[in-house]
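Understanding the architecture of this molecule
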Amino acid sequence: MSETMEFRPMVLPPNLLLSEFNGFIRETIRLVGCENVEVISSKDQIHDGSYMDPRHTHDPHHIMEQDYFLASAIVAPRNVADVQAIVRLANKVSFPLWPISIGRNSGYGGAAPRVSGSIVLNMGKNMNRVLEVNVEGAYCLVEPGVTFHDLHDYLVSNNLRDKLWLDVPDLGGGSVLGNATERGVGYTPYGDHWMMHSGMEVVLPNGELLRTGMGALPDPRRPETMGLKPEDQPWNKTAQLFPYGFGPYIDGLFSQSNMGIVTKLGMWLMPNPGGYQSYLITLPRDDDLKQAVDIIRPLRLGMALQNVPTIRHILLDAAVLGDKRSYSYKTEPLSDEELDEIAKQLGLGRWNFYGALYGPEPIRKVLWETVKEAFSAIPGVKFYFPEDTPENSILRVRDKTMQGIPTYDELKWIDWVPNGAHLFFSPIAKVSGEDAMLQYGVTRKRCEEVGLDFIGTFTVGMREMHHIVCIVFNRKDLIQKKKVQWLIRTLIDDCAANGWGEYRTHLAVMDQIMGTYNWNNDSFLKFNEILKNAVDPNGIIAPGKSGVWPSQYRHMACELVKF
Ligand code: ADP
């Protein structure tokens, strides 16, 4: 690829001429070098890849046609100055940019842009340094391309793991920064990633660079700041210690949003607790979910449950251990009797509760007694430590996850069906047995209506549960994909009718979900649109992200949401 070539992308963004595209790409190549620019001009460039080999052209777990959400080009800035220059260039022709960090974003759209033809801005390729790990303050400062795995490796190779732990989600390949800005979760006591961030550096849509919280206050005591570019200057010494700073707290504007491009993020790390014990509690009957959730609520609120524990449906665990064929020749959803049979075969319950104890032995002992006594009210529950379970048990995987060691084992549940792909449906539920049963009932019924098994998990936050329904489908089965589209649209409506909303979503249904957050004549969306149009008048950053459209796109929004 050279800057004199004529480029013909497979798709252009709305209202952009081919000549404008070419002008933009040529200038971008001049800026970042041709090795950092890829124009998507042929179907041959579109492969689904795999989790370990993620592509940035489109969503590998496509629920519509493979190229429905497609980039025109992928550009990887080398540094903050490049990001600023690209943003300024984009403003000239209103070119939409879709920033990603690593671009896995599995089950929520991958690296694909909401508006086809956008430039996917691959922030992680070159900007991938762990800038600081501070032991005394127990925090780190990272660039977009640092994955959970990278950060863990950094702690291990610098002999810091005995001092600090990080929090990891189910899979270790995502970016620390992208996951936190998307408000993703992990499973240690630091599982709410957004809660644990402190200080953001952001390129605004006009190209200006901003630091939030205490980061807005320069650190005067460091003479070495003299002559350094703003992005290279040390942060205020309290920026990673106190997230709020002074005045309006604007960090939220850069979370699940399209107000800026995040270039650095501070995250709190957990001091090594000095002792750890993971455990599994199996719940034999399907409706034990109700009693278990009511037991969990006071324990979690009172912090006897210290981490983000999970209540996993039997099929989530079963799917990590084998595909559907290894349990049954049925293609239709498995019946309750068959689920009981699988649970028995695997030595698990219909629901399985994975938690952990943190701290020195006496503390763990007291907490374990409390947890055990409370759960013992459910007839037939069984308690396990990892060493009581088979070598390949899910508890042995969760044992790592709940102490912040990244793994990839849970990738396997995607292969439950042939050509497995997945889509997450993620409503929030009260930590109440009744709510959990109702939400499970509504979601399972709809999954089964389209011929899919219900696979899901409740991750227990401080006062709510993220219910993650894992919709696993055959990406080569076009009829099944149509059914999956119907399923997610119907689930959103069903849940809204019960007063449940989703915490995060796939690109395809961002508009629908934003439409459900419509209290008092859409005042939430309207305010977001006012901000968006003020901050990004040319509508260049991630138009349509979370259902927030800049005014240029308003007349097209209906067309874009149709699928
Ligand atoms: P993952 O970390 O799972 O690989 P991504 O890098 O794809 O996830 O990020 C998920 C989403 O978060 C993106 O689609 C984008 O909306 C948002 N995002 C990621 N990185 C940035 C960033 N540096 N600036 C702004 N938004 C970002």
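Anything mentioned here points back to the structure above.
Scoring rules and cut-offs
Residues numbered from 1 in each chain as written. Predicted model: local features only at pLDDT ≥ 70, side-chain atom pairs only at ≥ 80, totals over all residues. Heavy atoms only, no water. Pairing = 2+ DSSP bridges. Helix = DSSP H or I, 4+ residues; strand = E, 2+ residues; numbered from the N terminus. Axes fitted to C-alpha atoms, helices over the stretch in contact; angles between N-to-C directions. Contact = heavy atoms within 4.5 Å. Buried < 20%, exposed > 50% of the residue type's maximum accessible area, 1.4 Å probe, protein only. Core = buried A, V, L, I, M, F, W, Y, C linked by side-chain atoms within 4.5 Å.

Taking strand neighbours across the sheet as the criterion, the 4 strands line up as β1-β2-β4-β3 in an open arrangement whose pairing is mixed. The open sheet is flanked by β1 (37-39) and β3 (97-100), the only strands paired with a single partner. If you compare each strand with its neighbour and ignore which way they point, the axes differ by 20 degrees on average. Across 3 bridges, β1 lies against strand β2 (residues 73-75) in antiparallel orientation. The residue of β2 that forms the bridge with Val37 is Val75. Sheet strands in contact with helix α1 (residues 18-32) are β1, β2, β3 and β4 (119-122), and its direction is about 155 degrees off that of β1.

The buried fraction of strand β12 (residues 276-283) amounts to 8 of the 8 residues, a majority that puts the element mostly inside the structure. By the alternation rule, side chains of β12 split into Tyr276, Ser278, Leu280 and Thr282 and Gln277, Tyr279, Ile281 and Leu283, which are all buried. Bridge count for β12 against strand β15 (residues 382-384) is 3 bridges, and the pairing is antiparallel. Opposite Ile281, over in β15, you have Phe383 as the bridge partner.

A few words now on the nonpolar core. Ranked by size, the top nonpolar core spans 93 residues in total, and within it Ile25, Ile311 and Phe375 carry the most contacts. Setting aside residues no more than four positions away along its own chain, Ile311 makes contact with Leu283, Leu289, Val293, Ile296, Trp351, Asn352, Phe353, Thr457, Phe458, Val460 and Met465. Ranked by size, the runner-up nonpolar core spans 36 residues in total, among them Leu315, Tyr327, Leu334 and Tyr354.

Right, let's talk about unusual backbone geometry for a bit. Even without being glycine, Asn105 reaches a positive phi, approximately 40 degrees. By the secondary structure assignment, Asn105 is in the loop between β3 and β4. On the basis of relative accessibility, which here comes to 26%, the residue Asn105 falls in the partly exposed class. Here Met303, not a glycine, exhibits a phi torsion of approximately 70 degrees, which is positive. Of note, Met303 is situated in the loop between α5 (288-301) and β13 (310-313). Look at Met303 and you get partly exposed, because its relative accessible area is 47%.

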